[in-house]
Amino acid sequence: MQNEVMPYLLKSLLIIKNHSSHLAHILAASTLFIIPFSQDQPNALFFIWGVALLFFLYPAVYGQYAEITTRNTKSPYHIHFKRHCLNFVIVSFFLVSPLAVLSLLEIILGTGVNAFRFIYLILMSSLSIYILPLLFLHGKKWESITLGFQCIAGNLSFNFPLILIASTITVLTLTFGQSGDM
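1. Quick notes on a nonpolar patch on the surface
A grouping of Val 101, Leu 104, Leu 105, Ile 108 and Leu 109 is seen on the molecular surface, where their side chains present a nonpolar patch of about 490 Å² in accessible area. Within the secondary structure layout, Leu 109 lies in helix H4 (residues 77–109). Residue Leu 109 is classed as exposed on the basis of its relative accessible area of 56%.

Given below as structure tokens:
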């Protein structure tokens, strides 16, 4: 499996290297999203700007990368935004909606379900490794979700390093966010 994937991995890294400005936009928006969690008095404006930018930039930038990968062409961001935004919002809502249920349970039961929320966030960040790229490559919501599950589960030993990286980033982000609460 590793020998079969290596040419695609190297091509992907070359595409990212040659088009790194797109990645810089995502990193800047992510920073705006994280800033409120690091402050003693969270600033809602940074959070709102971060969410808005991420919901614009993710479909636009990842759509751009998908087009470069599949067609070796580039279209303006607004075309990718129009093409991918609704699918991205629907899939994101589907992936995040169990967190709303966990939060509702926490309110109703009056007890913390932080462990379940933590585990779920790690699971979703791991699944997103495949679900979101498949969404942008194929544009099919439900097929991307089911195929993403199959890719992760079917190649667990191969995917372990990716899962470890995604989990580590999620844990660090959650830890960084909670350190501002102390």
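2. Some details on the packing of aromatic side chains
Each aromatic ring pair is specified by the distance between its two centres and by the angle formed by the two planes. Inspection of every chain in the model, using the stated rule, returns five aromatic pairs. With a centroid separation of 5.7 Å and 25 degrees between ring planes, the pair formed by Tyr 58 and Phe 88 is classed as stacked. With a gap of 30 residues between them, Tyr 58 in helix H3 (residues 44–71) and Phe 88 in helix H4 connect regions that are remote in the sequence. For Phe 88, a relative accessible area of 6% puts it in the buried group. Plain terms: the ring middles of Phe 94 and Trp 142 are 5.5 Å apart, the flat faces sit at 80 degrees to each other, and that makes the pair edge-to-face. Taken as a pair, Phe 94 in helix H4 and Trp 142 in helix H6 (residues 141–154) lie far apart in primary sequence, 48 residues in all. What makes Trp 142 partly exposed here is its relative accessible area of 45%. Pairwise contacts between aromatic rings join Tyr 58, Tyr 62, Phe 88 and Phe 136 into one cluster.

Basis of the calculations
One numbering rule holds for all chains: residues counted from 1, following each sequence as written. Where local features are concerned, this predicted model is filtered to residues with pLDDT of at least 70; where side-chain atom pairs are given and counted, the filter is 80 or more; whole-chain, interface and lining totals use all residues. Hydrogens and waters are ignored; side-chain quantities use all the structure's heavy atoms. Only residues above 30% relative accessible area that lack a salt bridge enter a patch, with like-charged residues linked at up to 9 Å and the nonpolar side chains Val, Leu, Ile, Met, Phe, Trp and Tyr linked at up to 5 Å. A 1.4 Å probe and the Shrake-Rupley method give the accessible areas. Residues count as covered only by the protein chains that appear here. Here, a salt bridge means any Lys or Arg side-chain nitrogen found within 4 Å of an Asp or Glu carboxyl oxygen. A helix here means a DSSP run of H or I that spans at least four residues, while a strand means a run of E at least two residues long, and both kinds are numbered starting from the N terminus. Working definition: with a 1.4 Å probe on protein chains only, accessible area under 20% of the residue-type maximum means buried, over 50% means exposed, and in between means partly exposed. Side-chain rings of Phe, Tyr and Trp (the six-membered ring for Trp) are treated as a pair once their centres are within 6.5 Å; stacked means planes under 30 degrees apart, edge-to-face means over 60, and tilted covers the remaining angles.

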